[in-house]
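Letter by letter, the chains look like this.
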Amino acid sequence: HLTKAVRLWVASAAICGFGAVVQVTAGGGVLPNLPPSEGRATGFTSHPNDLGGLTAIAFVPALMLAARPGLSFGKRLGSYLMLFLIAGALILSGSVGAFLAALVALFVWFALQRTSFDSMMVFATLVACLVGITTLQAIRGDPGPLARFKSVTASSAGPNGAGSVDQRVTTYRVAIKRIKQDPFVGVGLDLFSITKPFGESEFQYDVHNIVLGVWYKTGLVGLVGMMLALFAIVRAGWIAIMRSKA
């Protein structure tokens, strides 16, 4: 039952990845609800970073399904296809944070695996996906992973600097200043309250940090709740690893 649930979850992410691939290769008018990407795919989400986060979370479960031993040819092929769509959408999203998170997850996953033919085939699939998608981006003139990393880490990533490291640091400084004034009560969860110090209710001025952002928005109680949730996730994962068969 658990494996079936994971397979359905990965399939839903792969469907979103399919939307991203179609969006880039055939244009946003082919499928509904696909806004212009400007070089970055959104798939069936509302923002490229949403697509990156969605596919990064489903990345390792897709690896697990594709590398399972004893699968029939049909199930193996389907698992490879889902992995290809998820990895491809992750690259097409242009989300640097999601891409780096997936790389770290990939390293950890392979470090905990015994080298086998199935795991090597999964790795080969990922390499083929990376080469194929980046080649497509080069042909279209869209920014690839390296170009996106360079723009994000530069002093500004565009006319308004949205998505740059400098923009994130600016929002962090505002959040820290507000937390020092009142660490117990947050500013609220609505976009207007969050971005009020900047004078503009724009998503780019949100505090994109799972710890600092929660503290800034919800206060100390929200921070404690988030830390307990993170601790529970890490503890459950560690126990599962220790109890798993070598």
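Further up the page is the structure itself.
As a starting point, this report considers the structure included with it. Bear in mind the structure is a predicted one, so any value in this text is a computation, not a measurement.

Examined against the element boundaries, Arg173 turns out to sit in helix α7 (residues 165–181). Counting along the chain gives 34 residues from Arg173 to Val207, while the straight-line C-alpha distance between them is 9.7 Å.

All right, on to the nonpolar core then. Of all hydrophobic cores here, the largest spans 36 residues; its most connected members are Val10, Phe59, Leu63, Leu83, Ile86, Val122 and Leu126. At the level of secondary structure, the elements contributing two or more residues to this core comprise α1 (2–26), α2 (48–67), α3 (73–93), α4 (96–111) and α5 (117–140). Sort the elements by how many residues they give to this core and α3 lands first, with 10 residues. With residues up to four places along the chain from it excluded, the contact list for Leu63 reads Leu83, Leu106, Trp109, Val122 and Leu126. Judged by nonpolar contacts, the second largest core, of 6 residues, contains Ala175, Ile179, Ile194 and Tyr216.

It is at 10 Å that the axes of α7 and helix α9 (residues 212–243) come closest, and there the two elements cross at 45 degrees. Judged by the angle between their axes, α7 and α9 are oblique. Judged by the sense of rotation from one axis to the other, the crossing of α7 with α9 is left-handed. Across from Tyr172, Ala175, Ile176, Arg178 and Ile179 in α7, the residues of α9 making contact are Leu212, Trp215 and Tyr216. For the contact of α7 with α9, the class distribution of residues is 7 nonpolar, no polar and 1 charged.

A contiguous nonpolar surface patch, about 760 Å² in accessible area, is contributed by Val104, Phe107, Val108, Leu112, Trp238, Ile241 and Met242. Contributions of two or more residues to the nonpolar patch are made by α4 and α9. Within the secondary structure layout, Ile241 lies in helix α9.

With that settled, consider the pattern of salt bridges. Using the criterion set out here, one finds 1 salt bridge in the structure. Between Asp206 and Lys217 there is a salt bridge; the shortest N-O distance is 3.1 Å. Placement of the pair is Asp206 in the loop between α8 (191–195) and α9 and Lys217 in helix α9, with a sequence separation of 11 residues. When its relative accessible area of 11% is taken as the criterion, Asp206 is described as buried.

Thresholds applied
Residues numbered from 1 in each chain as written. Predicted model: local features only at pLDDT ≥ 70, side-chain atom pairs only at ≥ 80, totals over all residues. Heavy atoms only, no water. Helix = DSSP H or I, 4+ residues; strand = E, 2+ residues; numbered from the N terminus. Core = buried A, V, L, I, M, F, W, Y, C linked by side-chain atoms within 4.5 Å. Buried < 20%, exposed > 50% of the residue type's maximum accessible area, 1.4 Å probe, protein only. Contact = heavy atoms within 4.5 Å. Axes fitted to C-alpha atoms, helices over the stretch in contact; angles between N-to-C directions. Parallel < 35°, antiparallel > 145°, perpendicular 65-115°, else oblique. Left-handed = near helix turned anticlockwise from the far one by under 90°. Nonpolar A, V, L, I, M, F, W, Y, C, P; charged D, E, K, R; others polar. Patch = residues over 30% accessible without salt bridge, like charges linked within 9 Å, V, L, I, M, F, W, Y side chains within 5 Å. Areas by Shrake-Rupley, 256 points an atom, 1.4 Å probe, with all protein chains shown as cover. Salt bridge = Lys/Arg side-chain N within 4 Å of Asp/Glu carboxyl O.

Geometric descriptors of this kind do not, in isolation, establish any biological role.
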